[in-house]
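Architecture at a glance
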Amino acid sequence: MGWLVAAVAEKGPATSPEKTEPAEKWSAEKRASYEAYERGAIRDEVARLDALAAKPWAEGDHWDITTYEVACNLLDLAHSPWTALTVTEAEHLVREHAPTDQRWTAEDVERKIDSARKTVSGAGRPAPALTAGVDPFGKAEPCGNPEPMSASGLLPTVPDATSETAAAPRDEALKRLMSGGTFILDTPRDTPAIWGVGDRVLWAEGESAIICGPPGVGKTTLTGQVVRARIIGGTVLGLPVEPTTARVLYLAMDRPRQIARALRRTLGDIPRDVLDERLVVWQGPPLADIAQHPETMIGLAQLAGADTIIVDSVKDAAVGLSNDEVGSGYNRARQMCIAANVQVLELHHMVKRGDNGSPPTSLADMYGSVWIGAGAGSVVNIHGAAGDPIVQMRHLKTPADEVGPYRLRHDHDLGHTEIFHQSDLIALAAASPAGITAKQAAQAVEDTDNPTAAQVEKARRKLSGLAKAGHLFEVSGTKGGTRGGTAASWRAMPDHGPVSDHGSDHGRISGVPITQPHTDHAPAQNPRNIKGLSDHGSDHGDHAPTDHAGPPPFREGGSGSGEHPSRGKTPKRAGSRTTPIAGGRFAYDHQTGHLVDTQTGEITEQVDGPQPPAA
């Protein structure tokens, strides 16, 4: 029996008995009455592979899952004493009949055979009860397919492992050894994403991701949407999720009934057969403490035939998470999964809040050992009060560029989450004739009047990235002197025009940054709100271009710290040429190079760089 079977039988910590060798075959005479059954079982399994190999691959064919299942079933037969089939013959049948093409190669088939070897124990199947006209097995189930636990506590054949070394024999260990050139130079430059695209990645392939936050802020609601997209494809928060090629194993350890209700709202419209094929759920705590028995997590994944594990939640997987030894043991469990190409997404809780109830800003605010956050590739924090429909999201640890910060809106009835608001730096830059500085961008993104140097530098990188992508252009700053220096600023490219950031306040904008003016009304001047917390978005429908009338978006003081070099009310010079902009709200004076407020006569500041054409 495997280690999970032993754990159930003993009602104690998981143990790891030695793997049983293939059972000794019965004599030919004793096997004779089972030959017809054996031939039929082998024929049916081979036919599954032949059906796939007979035509080109198409979406939904699941070559990988079928190859693995057939390999498991044939090896299970080969290990049975009542069959004549040998292990060598079973593996040869899989190699000979499995489908292959340029993308799914013989090497992929070999890896599935190797996985099946690790999954199948040496006990094989019990001899079928040969009742006339009755197939005692029905349709043979793959040995890796989870089955309900029986009253006797028996579970299907599962892998056994006393440690990572024991679970990985010499050939498996050799697979993890590679040359330095292969490890460094053959690694993709971009971050391969499970959830994300380009440099905007919330869950990187080969790295675990954590969604953390206090109870009741929608962690399971958001995770359910990721699971949905992992099963059938789609996007979450505007970022694509890579569909699984196997199954998702959901460890529903924290209040399983509540998790079931939440997932029903998110996944309830998916056909039952798709859910049965693609999703496996484990209810309640694990059979063994995962920190003390790290092989438990990968064992459950292999038992379920899953390439993805959702841990809901970490606190239920191991006892004593604040202890570094426990945190290290749990991290070892997750890294064993990653090493076996099983992706891991975890839900976790926070231990404290920021100052005055503000959102947490560092990994130190997560509950438990430092190794929980340190071992993850991405950490996303959701902050708010329990049950709030609008919560804050911040990317505390990033595998690439930071995503967000966002304000999210949960529709708990539909199990859906959307971006309710984001600080759109392109819109903010376009809304100010003088552009936006790194400090002003940091004020908007971080929602603070006094951003730290690190926050300003992070905003500078974002602005530079937008300039590199062609959305903004940079106006270099000047060094100090008798008149003082000016900070570099970023301005919208001419084709963006003066746009408003109010679109990012709408729920209908689903995580896609605004890079074009809205088409349902004329571009608008943004109100005074560097933080992007505008409330004018949903208060109006279609309107004329001049309906937006308000002061420039930035607080008093400009470029990085100082005062605007010239500010005050000066009458327009007689005979000067001006060009109205922003729907007539401002006028550009071609003689002085200043922008003039047409309602108050106030001069804003001299404009450098590209200027509007003369009227």
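Below: a short report on this structure. (Residues numbered from 1 in each chain as written. Predicted model: local features only at pLDDT ≥ 70, side-chain atom pairs only at ≥ 80, totals over all residues. Heavy atoms only, no water.)

A rise of 1.5 Å per residue sets the reference length of helix H11 (residues 256-267), with its 12 residues, at 16 Å; its end C-alpha atoms lie 15 Å apart and thus fit the reference within 8%. Buried within H11 we find Ile259, Ala262, Leu263, Thr266 and Leu267. Across the axial projection of H11, the buried residues extend over an arc of 115°, all falling on one side. Exposed residues lying more than 90 degrees from the buried face of H11 are Arg257, Arg261 and Arg264. Taken together, the buried residues of H11 touch helix H10 (219-232), strand E6 (248-252), helix H12 (272-278), strand E7 (279-283) and strand E8 (308-312). (Helix = DSSP H or I, 4+ residues; strand = E, 2+ residues; numbered from the N terminus. Expected span 1.5 Å × (residues − 1). Buried < 20%, exposed > 50% of the residue type's maximum accessible area, 1.4 Å probe, protein only. Arc of directions from axis to C-beta. Contact = heavy atoms within 4.5 Å.)

To continue, consider the sheet that holds strand E3 (residues 209-212). Overall, mixed pairing links the 9 strands, which are arranged E7-E6-E8-E9-E3-E10-E11-E12-E13 in an open sheet. On the outer flanks of this sheet lie E7 and strand E13 (416-422), each paired with one strand and no other. Geometrically, the sheet is characterised by an average inter-axis angle of 20° between neighbouring strands, direction not taken into account. Judged from the 6 bridges that link them, strand E12 (residues 406-411) and E13 form a sheet pairing that is antiparallel. Paired with Tyr406 across the strands is Gln422, a residue of E13. (Pairing = 2+ DSSP bridges. Axes fitted to C-alpha atoms, helices over the stretch in contact; angles between N-to-C directions.)

This part is about the sheet that holds strand E14 (residues 436-437). Pairing in this open sheet of 3 strands is antiparallel, and the strands run E14-E16-E15 from one edge to the other. Where the open sheet ends on each side, the last strands, each with one partner, are E14 and strand E15 (472-475). Pairing geometry for E14 and strand E16 (residues 489-492), over 2 bridges, is antiparallel. Considered in E16, the bridge of Ile436 is made with Trp490. Along the sheet, helix H18 (residues 453-468) makes contact with E14, E15 and E16, crossing E16 at roughly 40°.

Below, the discussion takes up the pattern of salt bridges. All chains considered together, the criterion is met by 21 salt bridges. Its salt-bridge partner being Arg334, residue Glu346 comes within 3.0 Å of it at the nearest N-O pair. Residue Glu346 is found in strand E9 (residues 343-348), and its partner Arg334 is found in helix H14 (residues 324-339); the two are separated by 12 residues along the sequence. The burial state of Glu346 is the same as that of Arg334; both residues are buried. Look at the salt bridges and you will find they share partners, linking Glu91, Arg95, Glu110, Asp114, Arg117 and Lys118 into a network. (Salt bridge = Lys/Arg side-chain N within 4 Å of Asp/Glu carboxyl O.)

The subject of this paragraph is the side chain of His395. For His395, the location among the structural elements is in strand E11 (residues 390-397). Judged by its relative accessible area of 4%, His395 falls in the buried class. There is a polar contact of 3.0 Å between the side chain of His395 and the backbone oxygen of Lys397. Polar contacts involving the side chain of His395 include one to the main-chain amide nitrogen of Val403, which spans 3.1 Å. With residues near it in sequence (within four places) discarded, His395 still touches Val201, Leu202, Ser378, Val379, Val380, Asp401, Glu402 and Val403. (Polar contact = N/O pair within 3.5 Å; in protein donor to acceptor, adjacent residues only side chain to side chain.)

This model, assessed by the stated rule, comprises 3 aromatic pairs. Measuring from ring centre to ring centre gives 5.8 Å for Tyr34 and Trp82, while their planes differ by 50°; the resulting arrangement is tilted. Placement of Tyr34 in the loop between helix H2 (28-31) and helix H3 (35-53) and of Trp82 in the loop between helix H4 (63-78) and helix H5 (87-97) is noted, with a sequence separation of 48 residues between them. Classification of Trp82 by relative accessible area gives buried; the value is 1%. Taken together, the aromatic side chains of Trp26, Tyr34, Tyr37 and Trp82 make up a single cluster linked through ring pairs. (Phe/Tyr/Trp six-rings, centres within 6.5 Å; stacked < 30°, edge-to-face > 60°.)

We now examine the pairing of strand E2 (residues 200-204). Every other side chain in a regular strand lies on the same face of the sheet, so the side chains alternate between the two faces. With 4 of 5 residues buried, E2 lies mostly within the body of the structure. The pairing of strand E1 (residues 193-197) with E2 spans 4 bridges and is classified as antiparallel. Looking at E2, one finds that Val197 is bridged to Arg200. Where E1 hands over to E2, the hairpin turn is made up of 2 residues, of which Gly198 adopts a positive phi near 60°.

Here H3 is 19 residues long and its end C-alpha atoms lie 27 Å apart, about the 27 Å a rise of 1.5 Å per residue gives. Looking only at H3, the buried set comprises Tyr37, Glu38, Gly40, Ala41, Ile42, Glu45, Val46, Leu49 and Leu52.

Another point: the packing of H3 against H5. Two elements in contact, H3 and H5, have axes separated by 9 Å at closest approach and are oriented at 25°. It follows from the interaxial angle that H3 and H5 lie roughly parallel. H5 is crossed by H3, and the crossing has right-handed handedness. Of the residues in H5, those touching H3 at Ile42, Val46, Leu49, Asp50 and Ala53 are Leu93, Val94 and His97. For the contact of H3 with H5, the residue count by class is 6 nonpolar, 1 polar and 1 charged. (Parallel < 35°, antiparallel > 145°, perpendicular 65-115°, else oblique. Left-handed = near helix turned anticlockwise from the far one by under 90°. Nonpolar A, V, L, I, M, F, W, Y, C, P; charged D, E, K, R; others polar.)

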